[in-house]
Amino acid sequence: MAAFNLPAFPSFDIETDKSNAGPRCKKWVDRLENFFIGLDIDDEDRKRALLLHYAGERVYDIYDAYKKQTLATKVCRQRHNPRQEKVRDVQDNTDNNNYESSSDEEYAYHISMITPSREHVVGSKTPRPDIRINDKHCNFLLDTGATVNLLDQKTYHKIGAPKMKKGNNPNLLPYGGSDPLKFMGQCQLSVETKSTINCDTFYVVQGNHGVLLGYPLASKLGLVRIINQITDPKAKYPKLFEGIGKYKGKPIKLHIDENVKPVAQRHRRTPFHLRDKVEKELIKLKEQDIIDKIEGTPTPWVSPILTPPKKNPEEIRLCVDMRQPNKAISRERHLLPTIDELIQDLTGAILFTKLDLRSGYHQLELRPSSRYITTFSTHAGLFCYKRLNFGISSASEIFQEVIRNVISGIPGVKNISDDIIIYGKSQAEHDKALDATFKRLLENGLTLNLEKCEFNKDQVVFFGVTFSKEGISPDPKKVSAIKDMSPPKNVPELRSFRGITTY
């Protein structure tokens, strides 16, 4: 056999300028293609052999290792403008909305069998719905990351070889490669499942690699739906459940009537056995930036404290008797939602979440000019509140209005004071509202009490009423309280009974 000397052609040096290896490789391949044209080489096998020869030993080693494995995944990207290459992670990620619009790009995925030696194995649970096309059963690979439908030659002829259009043919490129798939054309096909019929475009490619169903058509056929359910809110939003938040909006101004004469009430002695608990509570509130000690400042308003016990016998609840200061505080009179409005809004909802703002009022900062009226006396000295405190006559309506403004514009969310209810007519609708609420609370510096929150429930008690997909019903605790009441024996007891039953 006569010896054949190959013409000289520079090999591809991957070690030089690795950061620019991709563009350099593409340029090298383009030059090699021109080289083949100049030598009048058309045979694909000869081209591949010469490419491996000229590419060098390192590239051949990679090819040799790759050839021994079954092809795991081909990712085909359809692009109308091949020069503007964009490589993205294609996955469902509701926390990242930074992806650009892809009107000029579509992605298709073709997944073949993976050998057992591979780390990631596609098992028998690979989604392959049975679909009828032209009254023929076809087994599709369903891929939620694909936006086009692919049909191979074998299936195309199986369904009767319908007429194809060959104009404006797109390029279907394998991921990381420059050679497009063998494209034959496109056709409009009627697709039928057990419950749905739809018509969509299929791209026919050469070969017998199977057929693929993209997400848009799979969604129309009801074969797939995306659920962004928040299963662990603390893991996703850890800062939302840490400590007592501080509202990032404007500090709260109390409207104080300066014409009302200030009252410095007498100090109420704290029993000795409670003093340690009171001091412990004062230290905790001061560390949380809720109260401040008053020293060297006039105190025209001074109120006494009350110390009712908590469920934990080692703790007390520090309450300020604000009855006198409330005479000088003008209310803002913001409206609270009524039960009738809630029933109207929640009609048709099937899923509910109830959120509880941790130490609700204490998350709103008071203006320095409004703090003096909250001064209270203890055996440890005088203190005043830096945050909105319980007992102020206008606190509930101020807090209601602030939280209403925080969550405004989010469909499926309502609040009554420090309780927020999220509802939806579907899982996706509920989860979208919940996620938006979490983000809005974080943006405003507010925090939640995880122990008192209820997530993703089919029924929830809110504002004394049980809401569920069946409708509304009275809170069982309220009903039992009425049942357990003793019969009224006089007019005041009768009025009390009528009051609780009316509520």
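Small disclaimer: the values here were computed from a predicted structure and weren't measured. (Residues numbered from 1 in each chain as written. Predicted model: local features only at pLDDT ≥ 70, side-chain atom pairs only at ≥ 80, totals over all residues. Heavy atoms only, no water.)

Asker: Which residues make up the overall build of the protein, and what values do they have?
Answerer: Assigned secondary structure in the protein consists of twelve helices and 23 strands. Every one of the 503 residues in the protein was classed for burial, and the buried ones make up 36%. Of the contacts made within the protein by residues no fewer than 6 positions apart, 67% connect residues no fewer than 24 positions apart. Entry remark: accessible area of the protein is about 30600 Å², with carbon and sulfur atoms responsible for 50%. (Helix = DSSP H or I, 4+ residues; strand = E, 2+ residues; numbered from the N terminus. Buried < 20%, exposed > 50% of the residue type's maximum accessible area, 1.4 Å probe, protein only. Contact = heavy atoms within 4.5 Å. Areas by Shrake-Rupley, 256 points an atom, 1.4 Å probe, with all protein chains shown as cover.)

Asker: Break down the pattern of salt bridges for me, citing the residues and quoting the values.
Answerer: Two side chains with opposite charge may pair up if their charged atoms get near one another. If you walk through the whole model with that rule in mind, you get 14 salt bridges. Among the ionic pairs, R371 bridges to E365, the shortest N-O distance being 3.1 Å. E365 sits in the partly exposed class, given a relative accessible area of 22%. A salt bridge links R404 to E401; the nearest nitrogen and oxygen atoms lie 2.7 Å apart. Placement of both R404 and E401 in helix 9 (residues 395-407) is noted, with a separation of three residues, approximately one turn of the helix. In this structure R404 comes out as partly exposed when scored by relative accessible area, which is 39%. (Salt bridge = Lys/Arg side-chain N within 4 Å of Asp/Glu carboxyl O.)

Asker: Break down the pairing of strand 19 (residues 419-424) for me, citing the residues and quoting the values.
Answerer: Of all six residues in strand 19, five are buried, a share of seventy percent or more. Looking at chain direction, strand 15 (residues 351-356) and strand 19 are connected through six bridges and run antiparallel. Looking at the pairing, K354 lines up with I421 of strand 19. Pairing analysis gives four bridges linking strand 18 (residues 413-416) to strand 19, with the strands arranged antiparallel. The partner of N415 across the bridge, within strand 19, is I420. Linking strand 18 to strand 19, which pair antiparallel, is a turn of two residues; within it S417 sits at a positive phi near 60°. (Pairing = 2+ DSSP bridges.)

Asker: How would you summarise the confidence of the model for the protein if you had to cite specific residues and measurements?
Answerer: The predicted coordinates of low-pLDDT regions are not to be read in fine detail. On average, residues of the protein carry a pLDDT of 78, and 79% of them reach 70 or more. No element of the protein has a lower mean pLDDT than strand 2 (residues 105-111), which averages 37, and none a higher one than strand 17 (residues 381-385), which averages 94. A low-confidence stretch, residues 68-124 stays under pLDDT 50, and its non-local contacts, those more than four residues away or across chains, total 98 contacts. (pLDDT = per-residue confidence, 0-100.)

Asker: Break down the environment of T353 for me, with residues and values.
Answerer: With respect to the element layout, T353 can be found in strand 15. Sequence separation between T353 and F455 is 102 residues; the distance between their C-alpha atoms is 4.5 Å.

Asker: Mind laying out the packing of aromatic side chains, listing which residues take part and the relevant values?
Answerer: If you walk through the whole model with that rule in mind, you get twelve aromatic pairs. A centroid spacing of 6.0 Å and a plane angle of 20° characterise the contact between F376 and F383, whose relative ring orientation is stacked. Just as F376 is buried, F383 falls in that class too. Among the aromatic side chains, those forming a connected cluster through ring pairs are F9, W28, F35, F36 and Y54. The lysine or arginine in question, R275, covers the ring of F272, its NZ or CZ lying 4.3 Å from the ring centre. (Phe/Tyr/Trp six-rings, centres within 6.5 Å; stacked < 30°, edge-to-face > 60°. Lys NZ or Arg CZ within 6 Å of the ring centre and 35° of its normal.)

Asker: Account for the sheet that holds strand 15, naming residues and giving values.
Answerer: Reading across from one edge, 18-19-15-20 is the order of the four strands in this open sheet, with antiparallel pairing throughout. Every other strand in the sheet has two partners, leaving strand 18 and strand 20 (454-457) as the edge strands with one partner each. With direction set aside, neighbouring strand axes in the sheet form an average angle of 15°. Contacting strand 15, strand 18, strand 19 and strand 20, helix 10 (residues 427-443) crosses the sheet at an angle of about 15° to strand 15. (Axes fitted to C-alpha atoms, helices over the stretch in contact; angles between N-to-C directions.)

Asker: Tell me about the nonpolar core, residues and numbers included.
Answerer: Of all hydrophobic cores here, the largest spans 50 residues; its most connected members are L254, L355, F376, L388, I420, L441 and L448. Where this core is concerned, the elements lending two or more residues are helix 7 (272-287), strand 17, helix 9, strand 19 and helix 10. For this core, the element with the highest residue contribution is helix 9, accounting for seven residues. Those residues in contact with L355 that lie beyond four places of it in its chain are D418, D419, I420, I422, L434, T437, F438, L441, L448, C453 and F455. (Core = buried A, V, L, I, M, F, W, Y, C linked by side-chain atoms within 4.5 Å.)

Asker: Help me get a handle on the sheet that holds strand 17, residues and values and all.
Answerer: Spatially, the three strands line up as an open sheet ordered 11-17-16, and their pairing is antiparallel. Each of the sheet's edge strands pairs with one partner strand only, and the pair in question is strand 11 (291-293) and strand 16 (376-378). On average, adjacent strands in this sheet sit at an angle of 35° to one another, irrespective of strand direction. Sheet strands in contact with helix 7 are strand 11, strand 16 and strand 17, and its direction is about 110° off that of strand 11.

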